[in-house]
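Below are the chains, spelled out letter by letter.
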Amino acid sequence: MTKPPLTLYLAAPRGFCAGVVRAIKVVEMALHKWGAPVYVRHEIVHNKFVVDGLRDKGAVFVEELDDCPDDRPVIFSAHGVPKSVPNAAKMRNMIYVDATCPLVSKVHIEAERHSENGLQMVMIGHAGHPETVGTMGQLANGEVLLVETADDVTKLDVRDPDRLAYITQTTLSIDDTSGIVAALKSRFPAIISPHKEDICYATTNRQAAVKAIAPLSDAILVIGAPNSSNTKRLVEVGAAAGCAYSQLVQRATDIDWRALDGIKTLGLAAGASAPEVLVDEVIDAFANRYDVTVEYVETAQENIEFKVPRILRQPV
């Protein structure tokens, strides 16, 4: 039986960013240095395939520091943690490794700097997301006010409207965030902007790639985890850019083939914590059903690398 033709537009950049590569390397190097088990507070990155692979190597994933023994190393996830967490680890004389993405750490440092200058912070982010919790936890309660939408800006109760600065979660939609920023600047004209855009390069690049493939595609699939903020934003960007069917799949087994019946073009992207092996798996699944022609749509090139923490580069 002849397979129907399908043009598959493969977005680039896609998949692992430098912060995710670094975080996974941190866990692998910790296992090599100290042996198993090594404890990890929260998922090191938001991807079940990655987490399961590290668990098989000896990583133990826990929700809180209280779940870790004192005598084994603990790693903090790429999303960052409140200051109270490393402080508690020090009190218990634990060996700990901070795998926080350097671009998230940049936001932490920025918040601290503004606070030292007497400014109250407004954070644009998603309530409950580990990165938001970690960033807000860099300062005392009440020093960081969270807004999720432009409507939230109208309800803000600030200490001094002339002494404010804002920061953002690194994995947000650029387009959505711009509307919130506009609302902040309209209500608080003196509010100080980040020295450099907080939304990270990987988020920006992957959203631009999805915008490029959306007009070409009958459907878009974004590979990633349902609890991954940057992945969910890619799905939203695909829909906003004009693709009638933009969906998240964790891997090939999640594809809804009935919903894709009759398509002639497909856009394929991957969130920043999705490994390339899952992209290949999805392409192979389509190749089993279609006569696939892959076309690469590259909107940027990435060559950023982050060093692992010094503790992992030192001998035991």
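Placed above this text is the structure.
Bear in mind that the values here come from a model prediction, so they are computed numbers and not experimental data.

Parameters and conventions
Residues numbered from 1 in each chain as written. Predicted model: local features only at pLDDT ≥ 70, side-chain atom pairs only at ≥ 80, totals over all residues. Heavy atoms only, no water. Axes fitted to C-alpha atoms, helices over the stretch in contact; angles between N-to-C directions. Helix = DSSP H or I, 4+ residues; strand = E, 2+ residues; numbered from the N terminus. Parallel < 35°, antiparallel > 145°, perpendicular 65-115°, else oblique. Left-handed = near helix turned anticlockwise from the far one by under 90°. Contact = heavy atoms within 4.5 Å. Nonpolar A, V, L, I, M, F, W, Y, C, P; charged D, E, K, R; others polar. Salt bridge = Lys/Arg side-chain N within 4 Å of Asp/Glu carboxyl O. Buried < 20%, exposed > 50% of the residue type's maximum accessible area, 1.4 Å probe, protein only. Arc of directions from axis to C-beta. Polar contact = N/O pair within 3.5 Å; in protein donor to acceptor, adjacent residues only side chain to side chain. Core = buried A, V, L, I, M, F, W, Y, C linked by side-chain atoms within 4.5 Å. Pairing = 2+ DSSP bridges.

Enquirer: Can you walk me through the packing of helix 8 (residues 201-213) against helix 9 (residues 229-240) in this structure?
Expert: Where helix 8 meets helix 9, the closest approach of the two axes is 9 Å, and the angle between their N-to-C directions is 30°. One element, helix 8, and the other, helix 9, form an angle in the roughly parallel class. Between helix 8 and helix 9 lies a crossing of right-handed hand. Facing helix 8, whose interface residues are Thr 203, Arg 206, Gln 207, Val 210 and Lys 211, helix 9 presents Asn 230, Arg 233, Leu 234, Val 237 and Gly 238. In terms of residue class, the contact of helix 8 with helix 9 is built from three nonpolar, four polar and three charged.

Enquirer: How do you make sense of the pattern of salt bridges when you look at a structure like this?
Expert: Note that side chains of opposite charge can pair when their charged atoms are close. Throughout the structure, instances matching the rule amount to 14 salt bridges. Close ionic contact of Asp 52 with Arg 55 constitutes a salt bridge, the shortest N to O distance being 2.7 Å. In this pair, Asp 52 and Arg 55 are both assigned in helix 2 (residues 48-57), three residues apart and thus about one turn of the helix distant. Given the relative accessible area of 41%, Arg 55 is considered partly exposed. In this structure, Asp 175 and Lys 211 form a salt bridge, with 3.1 Å as the shortest nitrogen-oxygen distance. Of this pair, Asp 175 sits in helix 7 (residues 174-187) while Lys 211 sits in helix 8, and the two are 36 residues apart along the sequence. Overall, the relative accessible area of 42% leaves Asp 175 in the partly exposed class. A relative accessible area of 34% places Lys 211 in the partly exposed class. Here the salt bridges do not stand alone but share partners, grouping Lys 48, Asp 52 and Arg 55 into one network.

Enquirer: Before we go on, may I ask you to explain helix 2 in this structure?
Expert: Side chains of residues three or four places apart in an α-helix project in the same direction, reflecting 3.6 residues per turn. Among the residues of helix 2, Val 50, Val 51 and Leu 54 are the ones counted as buried. Looking down the long axis of helix 2, one finds its buried residues gathered within 95° of arc, a one-sided arrangement. The exposed set on the far side of helix 2, more than 90 degrees from its buried face, consists of Lys 48 and Asp 56. Where helix 2 is buried, its residues contact helix 1 (18-34) and strand 3 (59-62). Backbone nitrogen of Phe 49 and a side-chain oxygen of the N-cap are separated by 3.1 Å at the start of helix 2; the cap is Asn 47. At the exit of helix 2 stands Gly 58, carrying a positive phi of roughly 120°.

Enquirer: Looking at this model, I keep getting lost on the nonpolar core. Mind explaining?
Expert: Burial of nonpolar side chains together is a common tendency in soluble globular proteins. Counting 29 residues, the largest nonpolar core has Val 27, Ile 44, Leu 54 and Ile 75 as its most contacted members. Secondary-structure elements contributing two or more residues to this core are helix 1, strand 2 (38-41), helix 2, strand 3 and helix 8. Considering every element that reaches this core, the biggest residue donor is helix 1, with nine residues. Not counting residues within four places of it along the chain, the set of residues in contact with Ile 44 comprises Ala 23, Val 27, Leu 54, Phe 61, Ile 75, Phe 76, Ser 77, Ala 78, His 79 and Ala 99. Leu 8, Leu 221, Val 249 and Ala 252 belong to the second largest nonpolar core, which has 22 residues in total.

Enquirer: Looking at this structure, I do not really get the sheet that holds strand 3. What am I missing?
Expert: For sheets, the rule is that strands pair by backbone hydrogen bonds, running either parallel or antiparallel. What the four strands build is an open sheet, ordered 3-2-4-5; its pairing is parallel. Two strands bound the open sheet, and with one partner strand each, they are strand 3 and strand 5 (96-98). Recorded for the sheet is a direction-independent mean angle of 25° between the axes of neighbouring strands. Here strand 2 pairs with strand 3 via four bridges, running parallel.

Enquirer: So what exactly am I meant to see when it comes to the sheet that holds strand 8 (residues 164-168) here?
Expert: The sheet built from three strands is open, its strands ordered 7-6-8 with parallel pairing. Of all strands in the sheet, those bounded by a partner on one side alone are strand 7 (144-147) and strand 8. Across the sheet, the mean angle separating the axes of adjacent strands is 25° when strand polarity is ignored. Bridging between strand 6 (residues 120-124) and strand 7 involves four bridges; their strand directions are parallel. Bridge pairing in strand 7 places Val 122 opposite Leu 145.

Interpretation note: all reported values are geometric properties and have no functional meaning in isolation.
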